[in-house]
Structure formats: C-alpha cells, structure tokens
Amino acid sequence: MSETTEQRNSDEAAVTPEAPETPVTSGTVSRGPFGLVGGVIKTARPRQWVKNVLVFAAPFFAFSKSTDRTGLLLDAIVAFVAFSLVASSVYLINDAIDVEADRAHPTKRNRPIAAGIVPVPVAYGSAVVFFLAGLGVSFFASWQLAIVLGVYEAVQLGYCFGLKHQPVVDLAIVGSGFLMRSIAGGVAGGIALSQWFLLVTAFGSLFMVAGKRYAEIMLFERTGAKIRSSLKKYSASYLRFVWATSAAILIMSYCLWAFEIRQTEHNSVWALISMVPFVVAVLRYAVDVDGGIAGEPEEIALKDRILQVLGATWVVTLFLAFYL
C-alpha cells in the first residue's frame, strides 16, 4: 500500500463518527429468525432443566410399593416436562425484566435478551407460550399438578417483579422453587410425602441458594460487578452462616430419615450405608460453595465427576435399601 493510500485511510478513520455502543456479546451473533429462535431457546435455559429431576425423587421412594409402576413413571415424566416448560417461562420473564442490569454485568450481558438478540416483547410472548404449554401438559398427570405449577409461577413472578430485592425473602422464594419441584413429583403420582423428605428438600434447597448468593458476593468483591440490591444487604459472613446451618440441618434430617427407612424397609442396612455418599457429597459441594464458585449449581452437577459418582452411589444404596 502506498504512503498516499495509507494517509487517505488514516484521514477517513479520523473523521468517521464513532459507532454507537451496543451490547457486547461473545462469539458470533446470529440474526434473523433462526437466531431469534435460538436466542429464545437459550434464554429458556434447557441446561437448568437438570434441576427438575427433583420431580422424580418422590416417585423413586414410592416406586417399590406402587401397584401401578408404569403409571407412576409416566406421571413423573409428565411432571418433569411440565415443570421444565413453566420454569423456562420464568427465566424468560426474569431476563426481560433485568435486561438493563444484565448489560452491566460481566457475564450476564451475553444473555440473548441483554445482547439484543431477543427483543423484550418477544421474550414476554414466549414466556406466555411456555407457561400455557406446561400447564396443558400437567393435566395429563393430575389437576393437582396444575395447581402446584400455578402457585410456582405466581411466587416466581412475585420474585421477578420485586421480591428478589428483599433480603432473606429472596432466599426463601428461590429455595421454595426446589421444594415445589419435589412436591410436584408427589402430587403428579398421588404420593403422600414424608416429613423427612420435605425437610431434606427444603434445607437442601436453602443450602444451594445461599451458596449461589455467596458466589455472587465473591464475584462482586473480585470484579466489582453490579449486583442486585438485596445482596448489598448481605455480608459474606451472614451467607456463610446460612449455608453452613442449612447443611447441618440437611445432614441431620437425612440421617434421621435413613434410620426411618431402615425400620420400614425390612431392617435394611443399605439405608444406613446411604448416609456415607450423601454426607460426602454435601461436603464435596460445600468446597465449591466455600470457594465462591457455586453460582450455577447445575454447572457443578454436570461437570464435577466425583460429585456425580457420589450421587450415583447414593442412588444405588437407596435402591438396594428398597428392593433388596
């Protein structure tokens, strides 16, 4: 290139107006209808559907005594699909409401709505479709499941539209989402839920939620990222207290439940053995919580091979307790 050409390009660059600031995205942004559909699917967060396996918990414990095992399994699958669709509707609404705050976040700014891939009105419309689809699917199991899903949606919408900014209340609401997943699996199959089952689910949920908030606090301290107003009212030490207390009650409740299972299931020693992988798994997850990297529990569940082995071992020991 000649010196004259270089000078001309330099002059043109100097007078070219600066492009307006646009949301930053990672990778290549796909526009058009296919990019829009992909953005909606991504915002629906199918990776987080792993949380919805909790709907299989109650059917698992009732399976050995069920007179219609095929029906129980089908009802659980219906509950999983229905809850996944309804939960995705909440994710869409939440991201649409938080679009401006997400654009100021170091990682959340890459979400499709914050990045401008999915327009906010499209997100709201898609949320309605997901919710109605989930509600329709739920009736294939039972009308009680539809009620649980309706309550879940109402509580989560309250969270999205303001309760997320209320300290402690936000922890309770997010934790209740996990509890309702377990209840959904029970009502779908007409299963009476044990008090110990509900306690384990409730405090296990609070343990994960407190760990998630603790990770957000740690991210704020490391990067100065913008955080929700409720988190500004928490301290790292308080969240440590919450997740440590929840973990202790979780372990105690499960151990008492395991003794009850042993008494009701032919005095099987496997129920007691199941306490070992369960407690070790809780302590293993607590390492991630303590390190401030438990912001996405589903990511840990999908990537931590040791945790997966412990979980599988726990399931096997319970299976032996019920069926051996």
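Residues numbered from 1 in each chain as written. Predicted model: local features only at pLDDT ≥ 70, side-chain atom pairs only at ≥ 80, totals over all residues. Heavy atoms only, no water.

Trainee: How should the nonpolar core be read in this particular structure?
Mentor: One recurring pattern in soluble globular proteins: nonpolar side chains tend to sit buried together. Counting 83 residues, the largest nonpolar core has Phe207, Tyr254 and Trp257 as its most contacted members. For this core, the element with the highest residue contribution is helix α4 (residues 69–97), accounting for 13 residues. If we ignore the near neighbours within four places in the chain, the residues touching Phe207 are Trp243, Ser246, Ala247, Leu250, Val282, Tyr285, Ala286 and Val289. (Core = buried A, V, L, I, M, F, W, Y, C linked by side-chain atoms within 4.5 Å. Buried < 20%, exposed > 50% of the residue type's maximum accessible area, 1.4 Å probe, protein only. Helix = DSSP H or I, 4+ residues; strand = E, 2+ residues; numbered from the N terminus. Contact = heavy atoms within 4.5 Å.)

Trainee: What exactly am I supposed to notice about the pattern of salt bridges here?
Mentor: Side-chain pairs of opposite charge can arise whenever the charged atoms involved come near each other. Scanning all chains against the criterion turns up seven salt bridges. Arg111 is the partner of Asp95 in a salt bridge, and the nearest nitrogen-oxygen pair spans 3.1 Å. Here Asp95, found in helix α4, pairs with Arg111, found in the loop between α5 (99–103) and α6 (120–138); they are 16 residues apart in sequence, far enough to count as distant. Residues Asp95 and Arg111 agree in their burial class; the two are buried. (Salt bridge = Lys/Arg side-chain N within 4 Å of Asp/Glu carboxyl O.)

Trainee: Looking at this structure, I do not really get α4. What am I missing?
Mentor: Compared with an ideal rise of 1.5 Å per residue, which puts 29 residues at 42 Å, α4 spans 42 Å between its outermost C-alpha atoms and is within 8% of the ideal. Of all 29 residues making up α4, 21 are buried, and the element is well covered by its neighbours. (Expected span 1.5 Å × (residues − 1).)

Trainee: In this structure, what is going on with the confidence of the model for the protein chain? I would like to understand it.
Mentor: Detailed reading of the predicted coordinates is not advisable wherever pLDDT is low. Of the residues in the protein chain, 87% reach a pLDDT of 70 or more, and the chain-wide mean stands at 83. Here helix α1 (residues 3–15) stands out as the least confident element of the protein chain, with mean pLDDT 44; helix α7 (residues 143–160) is the most confident, with 94. A low-confidence stretch, residues 1–29 (pLDDT under 50), is modelled with eleven contacts involving residues beyond four sequence positions or located in other chains. (pLDDT = per-residue confidence, 0-100.)

Trainee: Help me understand the layout of surface pockets in this model?
Mentor: Over the atoms rolls a probe the size of a water molecule, and its path tells where empty space is left. Considering only enclosed or pocket space, the second largest pocket measures out at about 1,200 Å³ in volume. Taken together, 37 residues form the lining of the second largest pocket, with Val53, Leu54, Met208, Phe278 and Trp314 sitting closest to its centre. Going through the elements one at a time, α3 (57–62), α8 (169–188), α9 (195–223), α10 (236–264), α12 (275–290), α13 (297–303) and α14 (305–323) are the ones with two or more residues in the lining of the second largest pocket. Residue contributions to the lining of the second largest pocket peak at eight residues, all from α14. (1 Å grid on protein atoms, 1.4 Å probe; cavity = no way out; pocket = protein on both sides within 12 Å on 5 of 7 lines; lining within 4 Å. Points joined across faces, edges and corners; volume = space filled by probe spheres on them.)

Trainee: Explain the packing of aromatic side chains here, please?
Mentor: All told, the structure shown has 17 aromatic pairs when counted by the stated rule. Look at Phe56 and Phe80: their rings are 5.8 Å apart centre to centre, the planes differ by 35°, and that puts the pair in the tilted class. With Phe56 in the loop between α2 (32–43) and α3 and Phe80 in helix α4, the pair connects residues that are 24 residues apart, well separated along the chain. Between Phe61 and Phe197, the aromatic rings sit 6.1 Å apart at their centres with planes inclined by 75°, giving edge-to-face as the arrangement. A residue pair is termed long-range when its members are at least 10 positions apart, and Phe61 in helix α3 and Phe197 in helix α9 qualify at 136 residues. Neither residue differs from the other here; Phe61 and Phe197 are each classed as buried. Grouping aromatic residues by their ring pairs yields a cluster made of Phe60, Phe61, Phe197, Tyr254, Trp257, Phe278, Trp314 and Phe322. (Phe/Tyr/Trp six-rings, centres within 6.5 Å; stacked < 30°, edge-to-face > 60°.)

Trainee: How should unusual backbone geometry be read in this particular structure?
Mentor: Excluding glycine, residues mostly carry a negative phi; peptide bonds, for their part, are mostly trans. Phi at Arg45 takes a positive value of approximately 55°, unusual for a residue other than glycine. On the secondary structure map, Arg45 appears in the loop between α2 and α3. Here Arg45 falls in the buried class, since its relative accessible area comes to 15%. Unusually for a residue other than glycine, Val168 sits at a positive phi of about 75°. Mapping Val168 onto the fold places it in the loop between α7 and α8.

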